[in-house]
Amino acid sequence: MRAREPDTEGYVDRDGVKLHYEVFGDGRPTLLLLPAWTVVHARFWKAQVPYLARHYRVVTYDGPGNGRSDRPVVAAPYRYETQGRSVVAVLDATGADRAVLVSLSEGAQWALWAAAHHPERVLGNVFICPTVDLELGDEMWSEPFEEPYTSTEGWARYNRHYWLGHWREFLEFFFSQCFTEAHSTKQVEDCVGWGLETTPQVVIAREQAPWPDEATLLGWSARVRRPVLVIHGDEDEIPNARDPVRVNLLIREFTESLPAGGAA
Amino acid sequence: MTTVGAPPGARTAPEQTRARRPDADGFVERDDVKLYYEVYGAGEPTVLLLPTWSIVHSRHWKMQIPYLARHCRVLTFDGRGNGRSDRPAGVAAYLEDEFAADALAVLDATGTDRATLVGVSCAAVWGTILAADHPERVAGIVYIAPAVGLAPGHPERQVYAFDEEYETDEGWAKYNSHFWSRSYREFLEFFFAQSFSEPHSTKPTEDAVGWALDTDPRTLADTSRAISLCRLERFRDTCARVRCPALVIHGDGDLIRPHAQGAALAEATGGTLVTLEGAGHLPQARDPVKVNLLLREFVESLPSGRRP
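Heads up: these notes are all about the structure in this document.

Thresholds applied
- Within any chain, residue numbers begin from 1 and follow the written order of that chain's sequence.
- Chain letters and ligand numbers both follow the written order, the letters beginning at A and the numbers at 1.
- Only residues with pLDDT of at least 70 are given local features in this predicted model, and only at 80 or more are side-chain atom pairs given and counted; all residues enter the totals for whole chains, interfaces and linings.
- By convention in this description, side-chain values take in all heavy atoms of the structure and omit both hydrogens and water.
- Only DSSP runs of H or I with at least four residues qualify as helices, and only runs of E with at least two residues qualify as strands; both kinds are numbered from the N terminus onward.
- Should any heavy atoms of two residues lie within 4.5 Å, those residues are counted as being in contact.
- Between buried and exposed lies partly exposed: a residue is buried under 20% and exposed over 50% of the maximum accessible area for its type, with that area taken using a 1.4 Å probe on protein chains only.
- Between any two strands, at least two bridges found by DSSP are needed for them to pair.
- Comment: axis = line fitted to C-alpha atoms, over the contacting stretch for helices; angle = value between 0 and 180 degrees taken between N-to-C directions.
- Orientation categories follow fixed angle ranges, with anything under 35 degrees roughly parallel, anything over 145 roughly antiparallel, 65 to 115 roughly perpendicular, and all other angles oblique.
- Throughout, a crossing is termed right-handed when the near helix is turned clockwise from the far one, and left-handed when it is turned anticlockwise from it by less than a right angle.
- Throughout this entry, Asp, Glu, Lys and Arg are counted as charged residues, while Ala, Val, Leu, Ile, Met, Phe, Trp, Tyr, Cys and Pro are counted as nonpolar. The remaining residues, Gly among them, count as polar.
- Here, a salt bridge means any side-chain nitrogen of Lys or Arg that lies within 4 Å of a carboxyl oxygen of Asp or Glu.
- Accessible area, probed at 1.4 Å, shrinks when two parts are joined; the buried area is that loss added up over both.
- For the purposes of these results, a polar contact is taken to be a pair of N or O atoms within 3.5 Å, where, inside protein, one atom must be able to donate a hydrogen and its partner to accept one; residues adjacent in sequence count only when each atom of the pair is a side-chain atom.
- Residues enter a nonpolar core if they are buried and are Ala, Val, Leu, Ile, Met, Phe, Trp, Tyr or Cys, with the set joined through side-chain atoms within 4.5 Å.

1. Quick notes on the environment of Gln208(A)
All names here are of chain A. Looking at the element boundaries, glutamine 208 is found in helix α7 (residues 200–208). Taking the C-alpha atoms as reference points, glutamine 208 and valine 74, separated by 134 residues in sequence, lie 8.0 Å from one another. Those residues in contact with glutamine 208 that lie beyond four places of it in its chain are Ala75, Phe145, Glu146 and Arg160.

2. Regarding the pairing of strand β4 (residues 73–77) of chain B
All names here are of chain B. Burial runs high along β4: five of the five residues are buried. Side chains of β4 alternate between two faces, with Arg73, Leu75 and Phe77 and Val74 and Thr76 buried alike. Alignment of strand β2 (residues 33–40) against β4, held across four bridges, turns out to be antiparallel. Each bridged residue has a counterpart across the sheet, and for valine 39 the counterpart in β4 is leucine 75. With four bridges joining them, strand β3 (residues 46–49) and β4 adopt parallel strand pairing. The partner of threonine 46 across the bridge, within β4, is arginine 73.

3. Thoughts on the sheet that holds strand β4 (residues 57–61) of chain A
Residue and element names in this part refer to chain A. Here seven strands make up an open sheet; going across it, the order is β1-β2-β4-β3-β5-β6-β7 and the pairing mixed. Taken across any chain shown, the strands that pair with only one partner, and hence form the sheet edges, are β1 (8–14) and β7 (228–231). Adjacent strand axes in the sheet meet at a mean angle of 20°, parallel and antiparallel pairs treated alike. Sheet analysis places strand β2 (residues 17–24) next to β4, joined by four bridges and oriented antiparallel. Note on β4: the bridge partner recorded for valine 23 is valine 59. Sheet contacts for helix α10 (residues 244–257): β3 (30–33), β5 (99–104), β6 (122–128) and β7; angle to β6, the most-contacted strand, approximately 155°.

4. Describing the sheet that holds β4(B)
Residue and element names in this part refer to chain B. Pairing is mixed across the open sheet formed by eight strands, whose spatial order is β1-β2-β4-β3-β5-β6-β7-β8. With one partner strand each, in any of the chains shown, β1 (24–30) and β8 (272–276) form the two edges of the open sheet. Neighbouring strand axes in the sheet, compared pairwise and without regard to direction, differ in orientation by 20° on average. Pairing geometry for strand β6 (residues 138–144) and strand β7 (residues 246–251), over four bridges, is parallel. Residue pairing across strands places valine 142 opposite leucine 247, the latter belonging to β7. Against the sheet, helix α2 (residues 96–109) engages β1, β2, β3, β4 and β5 (115–120), with an angle of about 130° to β1. Packing of helix α3 (residues 123–133) onto the sheet brings it into contact with β5 and β6, and relative to β6 it is tilted by some 165°.

5. Describing the packing of helix α5 (residues 167–178) of chain A against helix α6 (residues 185–195) of chain A
Residues and elements named next belong to chain A. The geometry of α5 relative to α6 is characterised by a closest axis approach of 9 Å and an angle of 140° between their N-to-C directions. Classified by the angle their axes make, α5 and α6 are oblique. In this structure, α5 crosses over α6, and the sense of that crossing is right-handed. Side by side, α5 and α6 meet where Trp167, Arg168, Leu171, Glu172 and Phe175 of the first sit next to Val188, Cys191, Val192 and Gly195 of the second. Here the residues of the contact of α5 with α6 sort into six nonpolar, one polar and two charged.

6. Some thoughts on the pattern of salt bridges
Applying the stated criterion across every chain, the model contains 29 salt bridges over all chains. Between Glu172(A) and Arg168(A) there is a salt bridge, with its nearest N and O atoms 3.4 Å apart. Remark: Arg168(A) and Glu172(A) occur in helix α5; sequence separation between them is four residues, near one turn of the helix. Overall, Glu172(A) belongs to the partly exposed group, its relative accessible area being 35%. Taken together, the salt bridges that share partners define one network made up of Arg30(B), Asp31(B), Arg80(B), Glu98(B) and Asp102(B).

7. Description of the interface of chain B and chain A
Taken together, the contact pairs four residues of chain B with four residues of chain A. Both faces combined, the contact of chain B with chain A buries some 440 Å², and carbon together with sulfur accounts for 56% of it. Our enumeration of links across chain B and chain A arrives at zero salt bridges. Counting across the interface, chain B meets chain A through six residue pairs in polar contact (both at pLDDT 80 or more). Here the residues of the side of chain B that touches chain A are counted per class, giving no nonpolar, two polar and two charged.

8. Thoughts on the nonpolar core
Judged by nonpolar contacts, the single largest core of 97 residues is most densely connected at Leu48(B), Trp53(B), Ile55(B), Trp180(B), Phe187(B) and Phe192(B). With sequence-adjacent residues up to four places away left out, Ile55(B) is seen in contact with Asn82(B), Phe187(B), Leu188(B), Phe191(B), Phe192(B), Trp211(B), Ala212(B) and Leu220(B). The next biggest cluster of nonpolar side chains, apart from the first, holds 47 residues, and it includes Val102(A), Trp167(A), Phe170(A) and Phe173(A).

The following block contains the structure:
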């Protein structure tokens, strides 16, 4: 059950891969809430949509590989350039000349690409817990993804072979790491449920697509001229789900602070 | 109305942040027992949120107070045996007539001519006594998950006696004075796991266990023995004397008090029954929005319940 149903919805076709979008409200400006990693789909914005749609026009879409979008099992549709162009394609399809881009985790890469390559379409960027390879050292990358796993402890489970046999167990582990606060059972259950709507084969295909390296990211960042807000928990990875009131107020405050409240 | 020092035995752990602070608070004394009350908002109508079994204190209304206080004047008080109220020794101090008289004393102390009573679980008994004996003071009554003997209880709760010693501490065998003196916290975790039978209840469970730790097993054992002494055979007659409008809210997933008890109370008081699908024993904490809207709707439906 949803607190707020979309007013319109539709698909954009990106080289044969259909992406499903939804539009809520008719305020100004438009806020585009980007997809994140393939293990979740647009419903991970459920605690933002009803609030923000009372003030703005809110657009969400499912990235390739989950939700009501297609689930390609090749890498190309997951490349960052393609995902960045999808941001613009969804703005085109929903008649949004310009929008505030709100992204979580690796959605930051595509929002940053769009801000760098189509500055005229972007009013500002809100990055929530951006996943960008600017500061490496995460323990999660220390285990080889492709090799047969030798351990089922911790981040050793970030492994294609483990995923193929233990997809739910991986999701439960992963989201327990995302929601480190007490009393997060509901958020974990939601996210595991969304992860089960796709398959490990799809997410493995997504893992084959390269990430932008540091020089590329810094190059894009240098071209961003519009206001930027970064929200990052010092423990929690998905604060929009766990602390929605705080995050919603920050997004609204940021939008209101844009020239003419972003309505120009 | 001013705050004086908390009585000995009151909690020393720092309290959680509150969404809404009381506008006034104070103590009222009855037979040497001091009762701590709080007042939120002003004007008419007034809602008195009753204490329930003293395993918790008035913070169990924390999800109602900030909302209701925007629409009504709200009174709460800590039932004797927990919170900042005294903890008299002995069963007699916790009989149902004492709680009913305490509620009346709080109405008097706060200058409240008339209020709508709202109570959870055991509060049904004292609220009913007050409404029956002082109809001029009670505009309406809301029973949430009422614990009343008008219908049989859950059979699994009737296997063990409270003061007997048993070899086992499985399940409801934990509802036992000997077990409490050994493993009070373990009992609390069991009891509130039963109370919050819905998934995703870790936070209200943690809150409730914390409030129960604000009292002690010996005091709680007295309150429990007192409840078992409630003269339930006359309760049906007391219900029949309730003349004000009544609303009963009961979850059909209540593992502490069967929904049938709420249904029977609605019938005995001529009240309306609202069934919360899948809800456990403490929906005011677990389903606060639904409960708050029902409370507001009920208060506004009463004569002069709506603000001018």
